[in-house]
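# Architecture at a glance
Here is how the chains run, residue by residue.
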Amino acid sequence: MKTATRVGVFGLLGSGNLGNDGSLEAVLGFLRTEHPDAAVDALCGGPEAVTTRFGIPATRLHWNRAEYRTASRAGAIASKGLGKLVDVFRTAAWVRRHDVVIVPGMGVLEATLPLRPWGFPYSLFLLCASGRLLGTRVALVSVGAAEIRNRPTRALVRWSARLATYRSYRDAQSRDAMRAMGVDTARDEVYPDLAFSLPTPQTSAPSGSPGTVCVGVMDFHGGNDDRARADEIYRRYLDGTIRFVRTLVEDGRPVRLLTGDQCDVAVVDAILDAVDSPLVTAAEPASLADLMKEMAAADTVVAVRYHNLICALKTGTPVLALSYAAKSDALMERMGLGAFCHPAREVDVDRLLEQFRTLEKRSAELRQTLTERNQAAAQQLADQFTALTAAVFPKTDHTHTLRKAR
């Protein structure tokens, strides 16, 4: 009798970040289509949310429930230290129960946002080391990477990548970054972000008159190397966004504010307080599908978060990127909108408005470009899923899948 393949998914899933959960949704779609007999569960940041939304069993990533809170008292510090030790055994025990563990997308090999080495980088290292020791194949699928300056974080990320069985990246510069950090990437491939394999909502043709502008916001304080000026960066970004929204309203344009993570709600509230107009409204998206529905109904999108950009691109809606990392520039270039990037750290409202107006003038041309690029991305991800099956799934399951495909 054939034994079901045991597949685990791993990451900061169910923790409020819509992009991370969208990557999980894409991988679950692949598993349910190509490996319907697989037994799937998760080790993740928000197990209750993952089980409720996706219907799979889930285990909490950290033993210490206060892992991501700042510890100042001796008891809290001791609890964090104990948690790091306990997680060694918890992670190994979870990994041992699986044939394959998939890390679905996300920027797991980068530090473009504030990150401590003993947080997620440590957890990822435990996963990959356990997989190598216990014979469980670990796959890092369409992940993001960037060169890391902090030595402990850099070492943990480098060894995690080296110990994984399969690696692919969501852009060429991620692969280049891992090569620069000492990882042999000769067999690693580049594919689009996993979210490009998700279903796309029905889009409507733009009306003749100027319509809604979706503005995706972010609780943005710079990256891992910007901690000393984090408040300054946030204030400059917020002030620039408020001025941009106010100008759109003065032109009579409806503005729809969108988040990508629970922490972004404070930014939405600040904009609503500063721009008191019925033309400015806010949505509360609970998934990438919700984001795509909002963006499909808009004329134009201006966004910061990486997966907000993907949602706009995937719906074929012209988008201007307030770029906080090189990954956003690479994504926009890949999709044919490389000229429409603006630095999130140095928002120049006059320049931003000029780019925005140019974007709208070229809307019809850019929509056609996005249609073509989206078709190519979907095919590339289908190719990746075939390669992933061949690389990490047990051969009996592989044979079953191939026969089914024929």
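Conventions and cut-offs
- Residues numbered from 1 in each chain as written.
- Predicted model: local features only at pLDDT ≥ 70, side-chain atom pairs only at ≥ 80, totals over all residues.
- Heavy atoms only, no water.
- Buried < 20%, exposed > 50% of the residue type's maximum accessible area, 1.4 Å probe, protein only.
- Helix = DSSP H or I, 4+ residues; strand = E, 2+ residues; numbered from the N terminus.
- Pairing = 2+ DSSP bridges.
- Core = buried A, V, L, I, M, F, W, Y, C linked by side-chain atoms within 4.5 Å.
- Contact = heavy atoms within 4.5 Å.
- pLDDT = per-residue confidence, 0-100.
- Salt bridge = Lys/Arg side-chain N within 4 Å of Asp/Glu carboxyl O.

## Side note on the pairing of strand β11 (residues 300–303)
- The side-chain alternation of β11 yields two buried faces, one formed by T300 and V302 and the other by V301 and A303.
- Sheet topology note: the strand β8 (residues 213–216)/β11 ladder contains three bridges and is parallel. Counted as the bridge partner of V213 is T300 from β11.
- Sheet analysis places β11 next to strand β12 (residues 319–323), joined by three bridges and oriented parallel.

## A word on the nonpolar core
- F10, I102, L109 and L124 are the most contacted members of the largest nonpolar core, which has 122 residues in total.
- Among all residues touching L109, those that are not within four sequence positions of it are L124, L140, V143, G144, A145, A146, I148, V157, A161, Y169 and M178.

## Observations concerning the confidence of the model for the protein chain
- Averaged over all residues, the pLDDT of the protein chain is 91; the fraction at 70 or higher stands at 92%.
- Predicted confidence for residues 398–406 stays below pLDDT 50, and this span has nine contacts to residues more than four positions away or in other chains.

## Structural notes on the pattern of salt bridges
- All chains considered together, the criterion is met by 22 salt bridges.
- The partner of E110 in a salt bridge is R170, with the nearest N and O atoms 3.5 Å apart. With E110 in the loop between β4 (100–104) and α4 (120–134) and R170 in the loop between β6 (166–169) and α6 (172–180), this pair connects stretches of sequence that are 60 residues apart. Neither residue differs from the other here; E110 and R170 are each classed as buried.
- Ionic contacts of the salt-bridge type, sharing partners, join the residues E110, R170, D193 and K327 into one network.

## Regarding unusual backbone geometry
- The phi angle at M106 is positive, at roughly 70°, despite the residue not being glycine.
- For M106, a relative accessible area of 4% puts it in the buried group.
- In this structure, S142 is a non-glycine residue whose phi angle is positive, near 50°.
- Structurally, the position occupied by S142 is in strand β5 (residues 137–143).

## Describing the environment of S79
- Its location among the elements puts S79 in helix α3 (residues 74–96).
- Judged by relative accessible area, S79 falls into the partly exposed class, the value being 25%.
- When the C-alpha positions of S79 and L115 are compared, they lie 20 Å apart, and in sequence the two are 36 residues distant.
- For S79, the residues in contact, after removing those within four places along its chain, are W63 and N64.

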